[in-house]
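Each chain, letter by letter, is given below.
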Amino acid sequence: MTQATALAHILLTPEEMGKADQYAIQHGTPGYTLMLAAGERILEYTLRTHPLSKTIGVLCGPGNNGGDGFVVAKRLRSLGKKVHVGLLGDPSKLTGDAAKAFSDWPGKITPLEAFPFDNCDLLIDALFGAGLSRGLEGTAAELVGRMNAASAPIIAVDLPSGLSGRTGKAEGAVVQATASVTFFRKKPGHLLLPGREFCGDVIVGDIGIPQTALTQLEAQLHENHPDLWRAEFPSPSLTGHKYSKGHALILSGSEFATGASRLTAKAALRTGAGLVSLCGSADALRIHAAHVTAIMLRPAETASDLKDLLDDARLTTLALGPGLGTSTDADEKLTIALRADRRLILDADALTLLSQREDASFAALKALNEPAILTPHAGEFKRLFGDMSETSKVEEALEAARQSGAIIVYKGADTVIAAPDGRAVINTNAPPCLATAGSGDTLTGIITGLRSQDMPAFEAACAGVWLHGEAANVLGPGLTADDLEDGLKIVLKKRFGGSGET
Ligand SMILES: NC(=O)C1=CN([C@@H]2O[C@H](COP(=O)(O)OP(=O)(O)OC[C@H]3O[C@@H](n4cnc5c(N)ncnc54)[C@H](OP(=O)(O)O)[C@@H]3O)[C@@H](O)[C@H]2O)[C@@H](O)CC1
Ligand SMILES: Nc1ncnc2c1ncn2[C@@H]1O[C@H](COP(=O)(O)OP(=O)(O)O)[C@@H](O)[C@H]1O
Ligand SMILES: [K+]
């Protein structure tokens with residue numbers, strides 16, 4: 001993930017953003033110049049989206065976020081808008097660039113008690129941004145409540161006030177924005193839930209911070225995008241054959257639980273695995289036989305049968321969990337899978353089984369030649385790694401990756417993919433219609449298909465999650481997990497079919 005294009009998708013925590021600001025200042029751009037540029041970006045967005053707004057309320061806070069508010073207020077007034085400015089806090093306590101922006105504001109300050117929310121056709125929230133240090137309460141919370149209750153749309157400066165840019169969480173009141181204009185790069189809080197729901201549209205404005213600030217920061221968190229992994233995405237070669245695209249083995253559930261593993265197998269084949277085999281009891285395979293054609297069936301009643309099957313070194317990639325069950329037999333098969341040292345993708349029941357082991361088999365996972373991929377949803381994550389919800393979902397996933405030595409795909413509407421070496425990605429393209437039975441089984445299959453074609457584990461996980469979201473987007477509401485395979489076909493052809501559309 002070293003391509004220059006990946007730089008566009010970097011996410012910065014507020015702390016890293018502070019360092020980027022400082023970098024720009026040290027390299028010759030005064031802080032006030034950055035603030036003027038920030039104000040200008042908000043102005044541009046405001047005029048573009050609300051050109052007819054005549055009366056605009058700007059609520060400024062005690063720090064530099066408030067400073068941005070004074071700057072945009074002055075510019076709006078110079079364009080003939082009626083602008084009311086409110087200030088939370090004591091003007092005499094403003095310092096630095098915020099104090100300068102305040103003194104440059106040519107109008108008066110409207111007392112908050114008398115602020116004419118009902119007369120404003122647009123509000124600008126410049127109360128708190130990167131410097132939020134605790135949940136909003138008291139006067140600040142009350143003010144946020146009044147802003148949210150007003151009918152005017154709200155444009156948030158940098159972040160909706162009250163929202164943590166690092167975690168996407170709010171410990172107290174938070175502004176419900178129509179849009180958020182942030183600077184240089186998005187912050188994790190714009191994408192993680194519940195933050196994403198408070199931000200509205202997120203616009204990133206250039207305020208003159210040089211790109212070299214990013215190299216200095218060594219930021220390792222990105223928003224998921226094909227630019228991050230396109231170079232590693234499998235591309236068919238003219239001389240290729242099915243064995244060069246890998247043979248994936250999917251463990252089936254029992255006779256009455258075959259559907260999940262079938263979804264996984266079909267998605268793996270559709271994503272380009274050269275061969276896919278389902279393995280399990282004869283009873284289960286008879287059910288599969290009534291549904292699949294291109295997928296092969298390999299009997300393995302017991303763990304020992306599975307071990308024998310895995311003597312075939314061409315079975316490079318192994319997925320287990322969907323529909324597997326949590327019986328002793330399933331647990332024994334998991335043990336064999338961990339010892340077989342294949343490219344492993346563990347989901348669903350395999351994760352539950354891991355969590356029931358004393359050490360969750362992290363030592364076995366760490367001993368693998370190539371990192372396994374674990375795809376827990378929130379419940380499975382907690383069972384495996386305990387409750388770490390004090391931090392952000394990104395920090396939780398990174399800690400889990402470090403503990404297990406595996407790539408973690410922490411699922412949800414804001415799926416986070418994390419690697420033990422500190423890389424992490426937040427996925428944002430998944431529509432709510434993906435919350436349907438079996439869609440996770442399909443995701444496991446997509447990742448399995450990519451792994452079997454030699455895509456490195458972290459990149460395969462990121463690509464798989466993105467393809468999953470995109471497949472759902474082309475289908476839209478009403479999709480079931482069975483349909484995702486069709487969506488996948490469309491996305492693969494359109495985005496990776498050589499037409500250069502990606
Ligand atoms: N740096 C730059 O060059 C540039 C920065 N830019 C802009 O600056 C913003 C960051 O500015 P910032 O660092 O001053 O923080 P900001 O969000 O205004 O809040 C800090 C103030 O709020 C207070 N406070 C915090 N939490 C509170 C709470 N719960 N309840 C009550 N008070 C609370 C806190 O007080 P304290 O925590 O010390 O008690 C302090 O007084 C950034 O988002 C962007 O918009 C752009 O202009 C581009 C150039
Ligand atoms: N509200 C949502 N918006 C977008 N994606 C979602 C949402 N809810 C779930 N998903 C995605 O759908 C999939 C569900 O997986 P999982 O919970 O394992 O379900 P199942 O076990 O039924 O397959 C995951 O990839 C998850 O990220
Ligand atoms: K704000």
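Residues numbered from 1 in each chain as written. Chains lettered and ligands numbered in written order. Predicted model: local features only at pLDDT ≥ 70, side-chain atom pairs only at ≥ 80, totals over all residues. Heavy atoms only, no water.

1. Observations concerning the overall build of the protein chain
- When you go through the protein chain residue by residue, the secondary structure sums to 19 helices and 16 strands.
- Relative to a compact globule of 502 residues, whose C-alpha radius of gyration would be 23 Å, the protein chain shows 26 Å and is just as compact.
- Its C-alpha atoms give the protein chain principal-axis dimensions of about 80 × 45 × 45 Å.
- Residues counted as buried form 56% of the 502 residues belonging to the protein chain.
- Here the analysis covers contacts within the protein chain between residues at least 6 apart in sequence; of these, 72% occur between residues at least 24 apart.
- A total of about 20400 Å² of accessible surface is found on the protein chain, and carbon and sulfur atoms cover 51% of it.
- For the protein chain, the distance from the average site of its 47 positive side-chain charges to the average site of its 57 negative ones is 5 Å. (Helix = DSSP H or I, 4+ residues; strand = E, 2+ residues; numbered from the N terminus. Rg over C-alpha atoms; globule rule 2.2 N^0.38 Å. Buried < 20%, exposed > 50% of the residue type's maximum accessible area, 1.4 Å probe, protein only. Contact = heavy atoms within 4.5 Å. Areas by Shrake-Rupley, 256 points an atom, 1.4 Å probe, with all protein chains shown as cover. Lys, Arg positive; Asp, Glu negative; His and termini not counted. Charge placed at Lys NZ, Arg CZ, Asp CG, Glu CD.)

2. Examining the coordination of the potassium ion (ligand 3)
- Protein coordination at the potassium ion (ligand 3) comes from Asn65 (OD1), Asp125 (O), Phe128 (O), Val157 (O), Leu159 (O) and Ser161 (OG), with a distance range of 2.6 to 3.2 Å.
- Because the angles between the 6 donor atoms bound to the potassium ion (ligand 3) fall within 65 to 170°, the donor set is best described as irregular. (Donors = N, O, S within 2.8 Å, 3.2 Å for Na, K, Ca; no water. Tetrahedral: all angles 85-135°; square planar, octahedral: opposite > 155°, others 65-115°.)

3. Side note on the pattern of salt bridges
- Going through the model one piece at a time under the given rule, you end up with 21 salt bridges.
- Where aspartate 312 meets arginine 314, a salt bridge forms, and the shortest distance between an N and an O atom there is 3.3 Å.
- For aspartate 312, a relative accessible area of 18% corresponds to the buried category.
- A salt bridge links aspartate 454 to arginine 343; the shortest N-O distance between them is 2.8 Å. On the criterion of sequence distance, the pair formed by aspartate 454 in the loop between helix 17 (439–452) and helix 18 (457–475) and arginine 343 in strand 12 (residues 343–346) is long-range, its members being 111 residues apart.
- The network of salt bridges with shared partners includes Arg343, Glu370, Arg451 and Asp454. (Salt bridge = Lys/Arg side-chain N within 4 Å of Asp/Glu carboxyl O.)

4. As for the site of ligand 1
- Near ligand 1 you find 22 residues, and of these Asp68, Gly129, Ser133, Arg134 and Asp158 are the closest.
- Aspartate 68 places a side-chain nitrogen or oxygen 2.4 Å from an oxygen atom of ligand 1.
- Glycine 129 is positioned such that a nitrogen or oxygen atom in its backbone is 2.6 Å from an oxygen atom of ligand 1.
- Computed on the free molecule, ligand 1 has an accessible area of 930 Å², of which 74% lies beneath the protein chains in the complex.
- Those elements that provide at least two residues to the shell around ligand 1 are helix 2 (31–49) and helix 3 (64–78).
- For the shell around ligand 1, the class distribution of residues is 11 nonpolar, 7 polar and 4 charged. (Near = heavy atom within 4 Å. Polar contact = N/O pair within 3.5 Å; in protein donor to acceptor, adjacent residues only side chain to side chain. Nonpolar A, V, L, I, M, F, W, Y, C, P; charged D, E, K, R; others polar.)

5. Structural notes on the environment of glycine 272
- Within the fold, glycine 272 resides in the loop between helix 9 (259–270) and strand 9 (275–280).
- The spatial distance from the C-alpha of glycine 272 to the C-alpha of serine 392 is 34 Å, given a sequence separation of 120 residues.

6. Some points on the sheet that holds strand 1 (residues 55–60)
- As summarised here, the arrangement of the 6 strands in space is 2-1-3-4-5-6, forming an open sheet in which the pairing is parallel. Because the sheet does not close on itself, it has two edges, and the strands there are strand 2 (82–87) and strand 6 (201–205). In this sheet, neighbouring strand axes are inclined to one another by 20° on average, regardless of whether the strands run parallel or antiparallel.
- Strand direction decides the pairing type here: strand 3 (residues 122–126) and strand 4 (residues 154–157), joined by 3 bridges, are parallel. Its bridge partner being in strand 4, aspartate 125 is matched across the sheet by alanine 156. (Pairing = 2+ DSSP bridges. Axes fitted to C-alpha atoms, helices over the stretch in contact; angles between N-to-C directions.)

7. So, the UniProt feature "binding site: AMP" (unreviewed entry) in the protein chain
- Following the UniProt record, one finds the feature "binding site: AMP" (unreviewed entry) at Lys411, Gly412, Ala413, Asp414, Thr415 and Gly440. For this annotated set, covering 30 residues, all C-alpha atoms fall within 13.9 Å of each other, a compact arrangement in space.
- Along the chain, the position of aspartate 414 falls in the loop between strand 14 (407–410) and strand 15 (416–418).
- Taking the relative accessible area as the measure of exposure, aspartate 414 reaches 5% and is therefore buried.
- Filtering out sequence-adjacent residues up to four positions away, aspartate 414 remains in contact with Leu191, Leu192, Leu193, Arg196, Lys393, Ile426 and Asn427.
- Engagement of the side chain of aspartate 414 in a polar contact is seen with the side chain of lysine 393, the distance being 2.9 Å.
- Mapping threonine 415 onto the fold places it in the loop between strand 14 and strand 15.
- Looking at threonine 415, the relative accessible area reads 7%, which means it is buried.
- When sequence neighbours within four positions are dropped, the list of residues in contact with threonine 415 reads Lys393, Val409, Tyr410, Val425, Ile426, Asn427 and Val465.
- Only 2.9 Å separates the side chain of threonine 415 from the backbone oxygen of glycine 412, close enough to count as a polar contact. (UniProt positions renumbered as here; feature names shortened; annotations may be inferred.)

8. Observations concerning the site of ligand 2
- As a structural note, the neighbourhood of ligand 2 is formed by 18 residues, with Lys411, Gly412, Gly438, Ser439 and Gly440 the closest of them.
- Here an oxygen atom of ligand 2 sits 3.2 Å away from a polar atom, N or O, in the side chain of threonine 415.
- Here ligand 2 has 580 Å² of accessible area as a free molecule, and 76% of this is covered by the chains.
- Looking at which element gives the most residues to the shell around ligand 2, the answer is helix 17, with 4 residues.
- Class assignment for the residues of the shell around ligand 2 results in 8 nonpolar, 8 polar and 2 charged.

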